[in-house]
Amino acid sequence: MQRARKDLLAGAVFAGFGLAFAITSTTYDIGTPLRMGPGFFPLVLGGILVVLGVSIAVKGFVAGEGGEIGNVPWRALVLLVAAILFFGFTVRDLGLVPALFVTVLLAGLAGRSARVIPAVVIAVSLTALSVLIFVVLLQLRLPLVGPWLGG
Amino acid sequence: MGVLESLGLGFETAFTPVNLLFCLIGVALGTAVGVLPGIGPTATMAMLLPITFGFDPVTSLIMLAGIYYGAQYGGSTTAILINLPGESSAAVTAIDGHEMAKQGHAGKALATAALGSFFAGTVATVFVALLANPIADVALNFGPAEFFSLIVLGLIASITLASGSTLKALAMIVLGLALGTVGQDIATGAPRFTFGQRELFGGLEFVSLAVGLFGVAEILRNLEGSMTRSVMVKKVENLWLTKEDFRRIRMPVLRGTALGSALGVLPGAGHVLASFISYSTEKRASKRPQEFGKGAIEGVAGPESANNAAAQTSFIPLLTLGLPSNSIMALLIGALLIQGIVPGPEVINDEPELFWGLIVSFWIGNLFLVLLNLPLIGLWVKMLAIPYRVLFPAIIAFAAIGTYSISLNAYDVYAIAFFAVLGYVLIKLGCEPAPLLLGFILGPLLERYLRRALTISQGDATVFLTRPLSLTLLILAVVAFVVAVLPTVRRKREVVFEEED
């Protein structure tokens, strides 16, 4: 059981996605092979994905190659996801400079032995560098400071 | 048009100042990311794609392609100097190259790698130019049924050479295909899997997928352990090869070029395979096999030539059939589609400047690479001193800005986080990320050809089996699948990819 955990989990992920796609597809028009509706192709794919997911799990159960999943850098995972989501959520209203600064700061803190002051230094320099590359050199039309800050 | 005439057009296109400049930028960037462990060409190309949207299609492709083969050069530098392959195909180079560096011959190893790669790249470029027309001509007779079968073959074949479990790779492809259906259905305009969000009607952005999967998920992998690396060789001297050295590397370079050119055409990890096979060939052919692993110059010359030749010829399926053989080529398909060019056999006739300009740029790019890598080697060595704690926040910043700039859509940025987590989980569970990207990019094409083929055949699904070309392609797909699951092949493959780690 312990040995097959990787395969069981992988199978569950695939089967889960397959089920979600297949079930949602049935709410769309399926159509016929001659006149396929929008639901046809994803329904077939969802079905195949469920079959593959189950096969992976079963194979893992029968002949699990196993292997450790290993440690997960939870802090980095949370911080990096937060950094990216923050950028998407605020870039329009806060503007590029503040949104990017916070994003890079969060990312900079994701390292194992990251400390605050070096992370701030990195965030300031990378924000400046990005503005230079994207706004000055590549002429990207992104407001530096957004409406939330009166920009 | 004859090949010579076409090459003339290619030179005209590639030698414009703008294209020369972006070729140089591409190969320089490629060398940089190849040198730096922890960021690969796939993530770099994905991040830079948005910038290229405003370019001419040919300029954009010249630069993006340069990143790819530039990374092959850069990867070998890192492999030789710090025994840490920046690129998977450079893993073999590390065996003898690093040994040479330890003995004080780092300059020799680097020169061998650069000259071998240049020779191989030049020959392989000619190979691409000669083969492209005949292959595209065959494909011009393809109807929707053939294209459907061709894509199926391409997808299946890509897992034959991949590492890891075949079932998982297959599941990754299908998951990619399914994720590709998100957004408005092309035929009916009905929104699918959008949760009612208008921002998702255009579908998931493939740049988000590539950046999340190959950029951010990779960062998470790297942050699992502590990243320490030391540059042993601070200064590289004596880049000249002696007459004796030239004599020793002559045959390995020739054999490596031939092997690489042939294997590069295969889907999947053709270039990785090419360098491994070249290494074992040289070891077998050598009169002094005991020197291998202890700094044999042949062990650098062969594999380096092989992987660079393969990097060039892997463009053949992309340019002639519109079929990507790996995740890099899949990104190039995405770049073409955004420029309004549907990749396929028509490109060579409809866009001759694009096609031949790109081919000639390979050769120019390879020349730039020799110049960049030999006299300027010190610069790249210094780059190795950039600590990872600075590098990965930079990747996050560029990824976020680049993706957002495509259509100023916050959902494209959220998608990066989604794919990063999904990718990280799946990689942790032993799945390769490349098939997911291939499936995602080819999914919409697959659905379109499926629909067209079935409409033409009045809904008769046997059309894929009754048209001889389509049937042949499907039989090849079955063969490729059988080969992938055959126990003997599996074992050999595992040996190859275990050495890589």
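With that settled, consider the overall build of chain B. What chain B contains, in helices and strands, is 23 helices and two strands. Over its C-alpha atoms chain B spans a radius of gyration of 22 Å, differing by no more than 12% from the 23 Å that the globule rule assigns to 501 residues. Referenced to the eigenvectors of the C-alpha coordinate spread, the extents of chain B come out at roughly 70 × 50 × 45 Å. Residues counted as buried form 62% of the 501 residues belonging to chain B. Put simply, 81% of the contacts in chain B that link residues at least 6 apart link residues at least 24 apart.

Check the secondary structure of chain A and you find five helices and zero strands. Ordered by position in the sequence, the α and β elements of chain A form the string α-α-α-α-α. Over its C-alpha atoms chain A spans a radius of gyration of 23 Å, topping by over 25% the 15 Å that the globule rule assigns to 151 residues. With respect to the principal axes defined by its C-alpha atoms, chain A has extents near 55 × 45 × 25 Å. Residue burial in chain A is summarised as follows: out of 151 residues, 41% are buried. Sequence-distant contacts, at least 24 apart, represent 62% of the contacts inside chain A between residues at least 6 apart.

Take the interface of chain A and chain B next. Interface size is commonly expressed as the accessible surface area that is lost when the partners come together. If you look at the interface, chain A gives 57 residues, while chain B gives 53 residues. Put simply, the parts of the chain that give the side of chain A that touches chain B at least two residues each are helix 1 (5–25), helix 2 (40–63), helix 3 (74–94), helix 4 (96–108) and helix 5 (116–137) of chain A. When residues of the side of chain A that touches chain B are assigned to their parent elements, the largest contribution, 12 residues, is made by helix 3 of chain A. Residues that form the side of chain A that touches chain B fall into these classes: 40 nonpolar, 13 polar and four charged.

Attention now moves to helix 20 (residues 434–456) of chain B. All names here are of chain B. In a regular helix each residue adds 1.5 Å, so 23 residues correspond to 33 Å; helix 20 covers 33 Å between its end C-alpha atoms and thus fits that length. Most pronounced at Leu442, the bend in helix 20 amounts to some 45 degrees, and the proline Pro444 follows within four residues. Across the 23 residues of helix 20, 18 count as buried, placing the element largely inside the fold.

Here we come to the nonpolar core. Counting 230 residues, the largest nonpolar core has A:Leu49, A:Leu80, B:Val174 and B:Ile396 as the members making the most contacts within it. Broken down by element, this core gets its largest block of residues, 18 residues, from helix 6 (residues 106–139) of chain B. A domain split of this core shows at least three residues from each of domain 1 (5–63) and domain 2 (74–149) of chain A. Setting aside chain neighbours within four positions, we find B:Ile396 in contact with A:Leu80, A:Ala83, A:Ile84, A:Thr103, A:Val104 and A:Ala107.

The next thing to look at is the domain arrangement of chain A. Split by domain assignment, chain A resolves into domain 1 (5–63) and domain 2 (74–149). The C-alpha centroid of domain 2 of chain A is placed 38 Å from the C-alpha centroid of domain 1 of chain A.

Turning our eyes to something else, we now look at the packing of helix 9 (residues 206–222) of chain B against helix 20 of chain B. Residues and elements named next belong to chain B. Two elements in contact, helix 9 and helix 20, have axes whose closest approach is 11 Å; the angle formed by their N-to-C orientations is 180 degrees. Judged on the interaxial angle alone, helix 20 and helix 9 are roughly antiparallel. Contacts from Phe206, Leu209, Ala210 and Leu213 in helix 9 reach Leu436, Leu437, Phe440 and Ile441 in helix 20. Grouping the amino acids of the contact of helix 9 with helix 20 by side-chain chemistry returns eight nonpolar, no polar and no charged.

Here we take up the environment of A:Ala63. Position of A:Ala63 relative to the elements: it lies in helix 2. Separated by 11 residues in sequence, A:Ala63 and A:Leu52 have C-alpha atoms that sit 16 Å apart.

Our next topic: unusual backbone geometry. Even without being a glycine, B:Phe193 presents a positive backbone phi close to 50 degrees. Of note, B:Phe193 is situated in the loop between strand 2 (191–192) and helix 9.

Turning our eyes to something else, we now look at the environment of A:Val104. On the secondary structure map, A:Val104 appears in helix 4. Taking the C-alpha atoms as reference points, A:Val104 and A:Thr24, separated by 80 residues in sequence, lie 37 Å from one another. If near-sequence neighbours (up to four positions away) are discounted, A:Val104 is found in contact with A:Ile122, A:Ala123, A:Leu126, A:Thr127, B:Pro393, B:Ile396 and B:Ala397.

Residue and element names in this part refer to chain B. Here Leu332 lies in helix 14 (residues 327–338). Look at Leu332 and you get buried, because 23 C-beta atoms sit within 10 Å. For the pair Leu332 and Leu64, spaced 268 residues apart in sequence, the C-alpha separation works out to 7.5 Å. Here Leu332 is in contact with Leu61, Leu64 and Leu318, once residues within four sequence places are set aside.

All names here are of chain B. Two numbers describe how helix 4 (residues 57–82) lies on helix 5 (residues 91–102): the axes approach to 6 Å, and their chain directions differ by 50 degrees. The orientation of helix 4 with respect to helix 5, classified from their angle, is oblique. The hand of the helix 4/helix 5 crossing is right-handed. Residues Ser76, Ala79, Ile80 and Leu81 of helix 4 pack against Thr93, Ala94, Gly97, His98 and Ala101 of helix 5.

Reading the values: rules and limits
- Residues numbered from 1 in each chain as written.
- Chains lettered and ligands numbered in written order.
- Predicted model: local features only at pLDDT ≥ 70, side-chain atom pairs only at ≥ 80, totals over all residues.
- Helix = DSSP H or I, 4+ residues; strand = E, 2+ residues; numbered from the N terminus.
- Rg over C-alpha atoms; globule rule 2.2 N^0.38 Å.
- Buried ≥ 20, exposed ≤ 12 C-beta atoms within 10 Å, placed from the backbone.
- Contact = placed C-beta atoms within 7 Å.
- Nonpolar A, V, L, I, M, F, W, Y, C, P; charged D, E, K, R; others polar.
- Expected span 1.5 Å × (residues − 1).
- Bend = angle between axes of the 7 residues up to and from the residue.
- Core = buried A, V, L, I, M, F, W, Y, C linked by C-beta atoms within 7 Å.
- Domains from an automatic or database assignment.
- Axes fitted to C-alpha atoms, helices over the stretch in contact; angles between N-to-C directions.
- Parallel < 35°, antiparallel > 145°, perpendicular 65-115°, else oblique.
- Left-handed = near helix turned anticlockwise from the far one by under 90°.

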